[in-house]
Amino acid sequence: MDESKMKRKISSWTVLQSICMLGALISITAGYWSQSMNTFALGLLFMYLNSMLFALKKWNKRFVFGMLHVTFFTFLLSRPIIGMFRGTKWWNASSQQAENIWFALGLLFLALISLFAGGVIIEKYDDRKQKSRMKAKAAERSKDKSLVAFLQLVSLCVFGVSIIFYLIQQIEPLLIIGRGNYLEYYNGFQSKLPGIIHTIASFHKYSLCIFLATLPKKGKAFVPLAIFEISAIPSLLLGLRNLIMLNSLFILIYYWLRDKIREEDEKKWLGKIESILLIITIPGTLIFMAVYAPIRVGNAVSIKNPFMILTDFFIGQGVSFDAMAIAYGYRAGIRTLRPKNYTFGGMIDYIKHGTIGQKLFGSIPIPSGNNEIAGKISNNFSHNFSYISYPEEYFKGHGRGSSYILETYFDFGYIGVIIFSIILGIITIAMVHWFGKKVLSSTIILICLTTIFFMPRAEATGWLTFIVTLQFWACVGACYLGAFICTKCGWIQKILKFLHLYPKECQGEIS
């Protein structure tokens with residue numbers, strides 16, 4: 001009886017997905033041939049619903065895939081779809097020619113269907129590997145318990161120290177340029193702090209992810225995660241909303257990850273209390289972020305009902321759709337700054353224009369903020385695009401932003417968007433399967449998850465650039481070396497026991 005119910009349930013999901021996919025193909029085709037942007041937008045909505053149904057069908061395995069689609073809608077789909085329902089001529093908002101709007105719509109369709117294809121591909125492959133992976137994961141957890149226990153302690157200590165330096169770094173612009181002056185911050189704010197403070201501050205995210213990758217108990221993880229969330233408040237006061245949203249999303253994803261791999265005797269990470277708080281806080285947070293947009297620049301908030309505030313929030317965030325259309329209009333100008341590679345731009349600029357690159361290649365450093373060097377020389381699409389499309393506003397601190405879709409298109413054309421989106425769909429589901437198997441791979445996954453959801457309006461590989469930085473490997477090396485020393489030095493163990501910091505997992509294992 002239960003099996004038949006399950007089959008009917010699965011079948012209903014499949015039917016709904018099939019309806020959405022069919023609706024997408026019909027609407028996309030009809031919209032293109034009739035040149036009806038609203039009909040095409042309806043097709044995008046059907047395609048998006050198909051992907052979300054795919055994610056919801058097995059949410060415990062596909063929640064990273066699903067949350068990426070939430071931000072995809074927020075940054076790229078919200079304007080055309082909300083405009084379609086409102087009956088407005090939303091395609092005129094960016095004052096672009098029709099061919100530019102069609103370009104943006106076409107790229108969105110390619111990205112959506114390719115993301116879905118990637119998810120299907122990895123699921124078909126992974127189903128065959130599921131049983132062997134679970135056995136390997138259980139065996140891996142039983143190895144080197146003492147090293148992992150000390151790694152948890154050392155990484156927590158590194159986080160405790162580095163978060164102080166990070167807060168100093170975050171508070172500095174707030175003290176110098178004041179609350180709400182985020183444009184001045186983007187317009188070339190230069191820190192006066194010594195470089196060593198910035199280096200140690202960069203360890204806070206890496207050490208936190210190492211700590212979380214050791215799978216601490218829920219109670220032990222609460223305080224570091226709470227501090228991590230609070231650390232984004234100075235940025236919010238400055239007028240920057242993205243950091244606190246990304247930190248909040250990261251914490252939610254981590255709770256889901258831990259529930260995914262928890263043992264039967266473990267406490268549920270996202271229990272009833274957390275779920276209720278989540279349901280209550282999400283609408284309130286979205287409303288706050290919407291009304292904060294005018295507040296941060298000193299404007300009054302017009303009184304509207306909550307539904308209108310939420311729709312205005314999504315329309316405001318959906319400016320990245322307009323950026324796609326505008327970028328196509330300026331494609332000739334953007335290409336005058338080439339040869340460049342935007343897809344791996346962050347990594348290239350770090351290696352070529354960083355400290356080591358300056359010494360090896362004699363290259364010049366790229367200053368922070370909006371400036372001519374970043375606008376012309378860097379491999380950063382956002383800076384190049386903004387510098388070419390409206391230089392006067394760019395130097396005032398404004399920017400048009402970017403998108404992984406635009407960057408892969410300008411580098412590799414339509415085929416680049418398709419292949420990259422397929423790979424991205426694979427990665428977002430594979431992350432959940434790989435998490436918890438090994439500490440280092442889990443650390444890398446967690447660090448990726450701190451920024452990957454911003455991809456629809458950010459760099460194609462910005463979420464992965466840390467992998468080539470000296471700071472990341474220095475932090476990893478320091479934590480692992482510290483943990484190894486703790487396992488070998490008896491006098492350190494005695495000090496830890498005296499301070500009541502000796503890991504319980506190591507009791508009786510090390511003498």
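**Student:** Please set out the overall build of the protein chain residue by residue, giving values where relevant.
**Tutor:** A count of helical and extended segments in the protein chain gives 23 helices and zero strands. For the protein chain, the proportion of its 511 residues judged to be buried stands at 49%. Sequence separation of 24 or more characterises 75% of the internal contacts of the protein chain that already satisfy a separation of 6 or more. Split by element, the accessible area of the protein chain, about 24,600 Å² in all, is 66% carbon and sulfur.

**Student:** Outline the packing of aromatic side chains, supporting the account with residue identities and numerical values.
**Tutor:** A complete count under the given rule lists 32 aromatic pairs for this structure. Judged by centre distance (5.7 Å) and plane angle (75 degrees), the ring pair of tyrosine 32 and tryptophan 33 falls under edge-to-face. Judged by its relative accessible area of 48%, tyrosine 32 falls in the partly exposed class. Classification of tryptophan 33 by relative accessible area gives exposed; the value is 70%.

**Student:** Please set out the pattern of salt bridges residue by residue, giving values where relevant.
**Tutor:** Taken as a whole and assessed by the stated rule, the structure comprises six salt bridges. Between glutamate 123 and arginine 62 there is a salt bridge, with the nearest N and O atoms lying 2.8 Å from each other. Remark: arginine 62 occurs in helix 3 (residues 59-86) and glutamate 123 occurs in helix 4 (residues 98-141); sequence separation between them is 61 residues. Here arginine 262 ties to aspartate 259 by a salt bridge, and the two come within 3.5 Å at their closest N and O atoms. The exposure class assigned to arginine 262 is partly exposed, which follows from its relative accessible area of 29%. Each member of the salt-bridge network shares a partner with another, and the members are Lys61, Arg62 and Glu123.

**Student:** Break down helix 7 (residues 195-213) for me, with residues and values.
**Tutor:** Counted at 1.5 Å a residue, the expected span for helix 7 with its 19 residues is 27 Å, and the 28 Å between its end C-alpha atoms agrees. Remark: the principal bend of helix 7, roughly 30 degrees, maps to histidine 204. Within helix 7 the residues assigned to the buried category are Ile197, Ala201, Phe203, His204, Tyr206, Ser207, Leu208, Cys209, Ile210, Phe211, Leu212 and Ala213. Packed against the buried residues of helix 7 are helix 5 (145-177), helix 8 (218-230), helix 10 (242-261), helix 21 (439-449) and helix 22 (470-488). Two residues or fewer after helix 7 comes leucine 215, characterised by a positive phi angle close to 60 degrees.

**Student:** Could you give an account of the side chain of serine 442, naming the residues involved and the relevant values?
**Tutor:** In this structure, serine 442 sits in helix 21. Serine 442 gets classed as buried once you look at its relative accessible area, which sits at 0%. In this structure the side chain of serine 442 is engaged in a polar contact, spanning 2.8 Å, whose partner is the backbone nitrogen of glycine 436. In this structure, serine 442 is in contact with Ala213, Trp434, Phe435, Gly436 and Lys437, ignoring residues within four places of it in sequence.

**Student:** A description of the environment of asparagine 380 should follow, citing residues and the corresponding values.
**Tutor:** Its place among the elements puts asparagine 380 in the loop between helix 17 (372-376) and helix 18 (381-389). Here serine 382 takes part through its backbone nitrogen, which lies 3.0 Å from a polar atom of the side chain of asparagine 380.

**Student:** Please give an account of the nonpolar core that cites residues and values.
**Tutor:** Counting 129 residues, the largest nonpolar core has Phe72, Tyr404, Ile405, Leu446 and Leu449 as its most contacted members. Excluding residues within four positions of it along the chain, leucine 449 makes contact with Val64, Phe250, Ile253, Leu257 and Met431. Grouped together as the second largest cluster of nonpolar side chains are five residues, Leu174, Phe189, Leu238 and Leu240 included.

**Student:** So what's going on with helix 10? Residues and values would help.
**Tutor:** Look at helix 10: 29 Å from first C-alpha to last across 20 residues, which is about the 28 Å you get at 1.5 Å a residue. For helix 10, the buried fraction is high: 15 of the 20 residues fall into the buried class.

**Student:** Help me get a handle on the packing of helix 3 against helix 10, residues and values and all.
**Tutor:** Two elements in contact, helix 3 and helix 10, have axes whose closest approach is 10 Å; the angle formed by their N-to-C orientations is 165 degrees. What the angle tells us is that helix 3 and helix 10 run roughly antiparallel. Both helix 3 and helix 10 take part in a crossing whose hand is left-handed. Listed contacts from helix 10 to Trp59, Asn60, Lys61, Phe63, Val64, Met67 and Thr71 of helix 3 are Leu249, Ile253, Trp256, Leu257 and Lys260.

**Student:** Explain unusual backbone geometry to me, and be specific about the residues and the numbers.
**Tutor:** Phi is positive for glutamine 35, close to 55 degrees, though the residue is something other than glycine. Examined against the element boundaries, glutamine 35 turns out to sit in the loop between helix 1 (2-34) and helix 2 (37-57). Take glutamine 35: its relative accessible area is 47%, and that puts it in the partly exposed class. Although it is not a glycine, leucine 215 sits at a positive phi angle of roughly 60 degrees. For leucine 215, the position within the fold is in the loop between helix 7 and helix 8.

How each quantity is defined
Residues numbered from 1 in each chain as written. Predicted model: local features only at pLDDT ≥ 70, side-chain atom pairs only at ≥ 80, totals over all residues. Heavy atoms only, no water. Helix = DSSP H or I, 4+ residues; strand = E, 2+ residues; numbered from the N terminus. Buried < 20%, exposed > 50% of the residue type's maximum accessible area, 1.4 Å probe, protein only. Contact = heavy atoms within 4.5 Å. Areas by Shrake-Rupley, 256 points an atom, 1.4 Å probe, with all protein chains shown as cover. Phe/Tyr/Trp six-rings, centres within 6.5 Å; stacked < 30°, edge-to-face > 60°. Salt bridge = Lys/Arg side-chain N within 4 Å of Asp/Glu carboxyl O. Expected span 1.5 Å × (residues − 1). Bend = angle between axes of the 7 residues up to and from the residue. Polar contact = N/O pair within 3.5 Å; in protein donor to acceptor, adjacent residues only side chain to side chain. Core = buried A, V, L, I, M, F, W, Y, C linked by side-chain atoms within 4.5 Å. Axes fitted to C-alpha atoms, helices over the stretch in contact; angles between N-to-C directions. Parallel < 35°, antiparallel > 145°, perpendicular 65-115°, else oblique. Left-handed = near helix turned anticlockwise from the far one by under 90°.

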